[in-house]
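# Working through the structure, step by step
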Amino acid sequence: MLSPSDKALVPFVSVDNMMQLIHHVGVSDMLRGLADYIADDFKRWELFDKTPRVASHSAEGVIELMPTSDGETYGFKYVNGHPKNTSEGLQTVTAFGLLADVETGYPVLLTEMTMLTALRTAATSALVARTLAPRGATTMAMIGNGAQSEFQSLAMMAIAGITHVRLYDIDPAATAKCAANLNGTGLHVTSCTSAEEAIEGAQILTTCTADKAYATILTDNMVGAGVHINAIGGDCPGKTEIAPAILERGDIFVEYPPQTRVEGDIQQLAEDHPVTEIWEVLAGRRTGRTSDKQITIFDSVGFAIEDFSALRFVRDRIAGTAFFHPLDLLADPDDPRDLFGMLGRAKL
């Protein structure tokens with residue numbers, strides 16, 4: 001039996017490793033660290049390869065690949081979205097990801113990304129809310145209390161400074177679950193019985209529903225002036241949450257327009273409807289909120305650079321720790337031209 005060489009071994013972060021890493025770093029510090037890495041990469045946006053994610057749609061959901069590279073490091077994420085899964089005891093979203101060295105093509109990290117995607121999605125939302133929400137915002141309405149809701153709430157507290165969260169879900173059990181999980185975190189939590197009740201007094205409105213359908217979670221008459229809408233549930237063709245009239249009244253910020261116009265809430269608008277790329281605001285090239293009366297809308301569908309940032313963060317944080325396993329992933333024959341010889345020497 002051949003023993004793998006160092007060149008054959010790739011650091012692998014399992015689900016258990018990831019959870020232990022999160023507890024080691026601390027949830028709030030992990031969210032802040034991810035937000036910092038995302039902000040840094042958004043500020044060098046022009047260096048990256050950019051393409052809409054490669055999606056395979058079915059009646060049940062979608063399976064996607066999300067690749068990008070900054071010229072030195074390549075990364076991709078595999079991710080699915082299947083809303084029906086929860087009724088079968090399965091996760092709606094699962095994911096894993098990889099980083100590789102562009103010079104050699106060799107992978108340098110393989111990791112679970114189900115947990116990591118939840119964290120990076122929340123960190124991105126809170127980073128943008130810190131940039132666009134009304135000054136002094138203290139309260140968020142969290143509409144949709146599924147797997148992402150606690151992460152969103154904690155990120156908004158750690159990064160955007162909210163102190164209160166108002167919860168609503170069409171399934172009261174989901175709201176009860178979220179409220180129980182947020183107990184003891186320092187957030188003041190209010191469970192609500194309608195979306196209208198949830199948005200009372202909230203300066204940040206987050207929508208994160210799962211159904212793969214055209215929906216109107218926020219109707220035009222629900223949204224007044226001076227709020228920030230964090231719309232993260234509309235993330236594939238035929239799936240929306242925000243009434244078109246709200247989109248027409250607000251200023252819309254997106255990650256990557258060619259992807260968002262197909263997958264986001266702005267799929268309901270004309271193809272030339274003006275939007276601002278959020279990287280330009282973070283880099284100081286465009287303005288964000290300009291008045292107390294403005295409605296700002298982050299039509300977020302998730303983009304590969306955010307995953308690249310999260311993978312970079314994990315690669316850097318596991319160095320010198322026990323939060324990974326060396327995985328025998330790459331064939332490394334003594335002679336690079338003699339792969340078959342390596343196979344022969346491995347025969348028992």
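Located above this text is the structure these notes cover.
All of the points below concern the structure found in this document. (Residues numbered from 1 in each chain as written. Predicted model: local features only at pLDDT ≥ 70, side-chain atom pairs only at ≥ 80, totals over all residues. Heavy atoms only, no water.)

## Notes on the layout of surface pockets
The condition that has to hold: Detection works on a 1 Å grid of protein atoms alone, calling trapped sets that fit a 1.4 Å probe cavities and calling open sets with protein on both sides within 12 Å along at least five of seven lines pockets, with lining residues defined by an atom within 4 Å of a point. Grid points are joined across faces, edges and corners, and a volume is the space filled by probe spheres set on the points. Secondary structure counts use DSSP, requiring at least four H or I residues in a row for a helix and at least two E residues in a row for a strand, with both numbered from the N terminus. For this classification, Asp, Glu, Lys and Arg are treated as charged, while Ala, Val, Leu, Ile, Met, Phe, Trp, Tyr, Cys and Pro are nonpolar and the rest, including Gly, are polar.
Estimated volume of the second largest pocket: approximately 260 Å³. In terms of lining, the second largest pocket is formed by Met-19, Ile-22, His-23, Val-27, Met-115, Glu-150, Phe-151, Leu-154, Asn-181, Leu-182 and Thr-185. Every element with two or more residues in the lining of the second largest pocket is listed here: helix 1 (15-25), helix 4 (149-160) and helix 5 (172-182). A breakdown of the residues in the lining of the second largest pocket according to their chemical character gives 7 nonpolar, 3 polar and 1 charged.

## Brief notes about the sheet that holds strand 17 (residues 325-328)
Put simply, the rule reads: DSSP bridges decide pairing: two strands pair if at least two such bridges lie between them. Here an angle of 0 to 180 degrees is reported between the N-to-C directions of two axes, which are lines fitted to C-alpha atoms, with helices fitted over the stretch in contact. Working rule for contacts: check all heavy atoms of both residues, and any pair within 4.5 Å makes them a contact.
Spatial strand order, 2-3-4-5-6-1-17: 7 strands in an open sheet with mixed pairing. Of all strands in the sheet, those with a lone pairing partner are strand 2 (54-57) and strand 17, marking the two edges. Recorded for the sheet is a direction-independent mean angle of 20 degrees between the axes of neighbouring strands. Bridge analysis of strand 4 (residues 73-81) against strand 5 (residues 95-101) gives 7 bridges, and the strand direction is antiparallel. Its bridge partner lying in strand 5, Phe-76 is registered against Leu-98. Along the sheet, helix 1 makes contact with strand 1 (9-13), strand 6 (107-112) and strand 17, crossing strand 1 at roughly 65 degrees.

## With respect to the side chain of Asn-80
As a reminder, the rule being used: Burial classes: relative accessible area under 20% of the type maximum marks a residue as buried, over 50% as exposed, and values in between as partly exposed (1.4 Å probe, protein chains only). In the analysis that follows, any N or O atom pair within 3.5 Å is treated as a polar contact, provided that within protein one partner can donate a hydrogen and the other can accept it, and provided that, for residues neighboring in sequence, both atoms belong to side chains.
The topology assignment puts Asn-80 in strand 4. Exposure remark for Asn-80: the relative accessible area of 8% places this residue in the buried category. Only 2.9 Å separates the side chain of Asn-80 from the side chain of His-82, close enough to count as a polar contact. Within the structure, Asn-80 has its side chain in polar contact with the backbone oxygen of Thr-92 (distance 3.2 Å). Setting aside residues up to four positions removed in sequence, Asn-80 forms contacts with Val-62, Ile-63, Asn-85, Thr-92, Val-93 and Thr-94.

These figures come from the coordinates and say nothing about function on their own.
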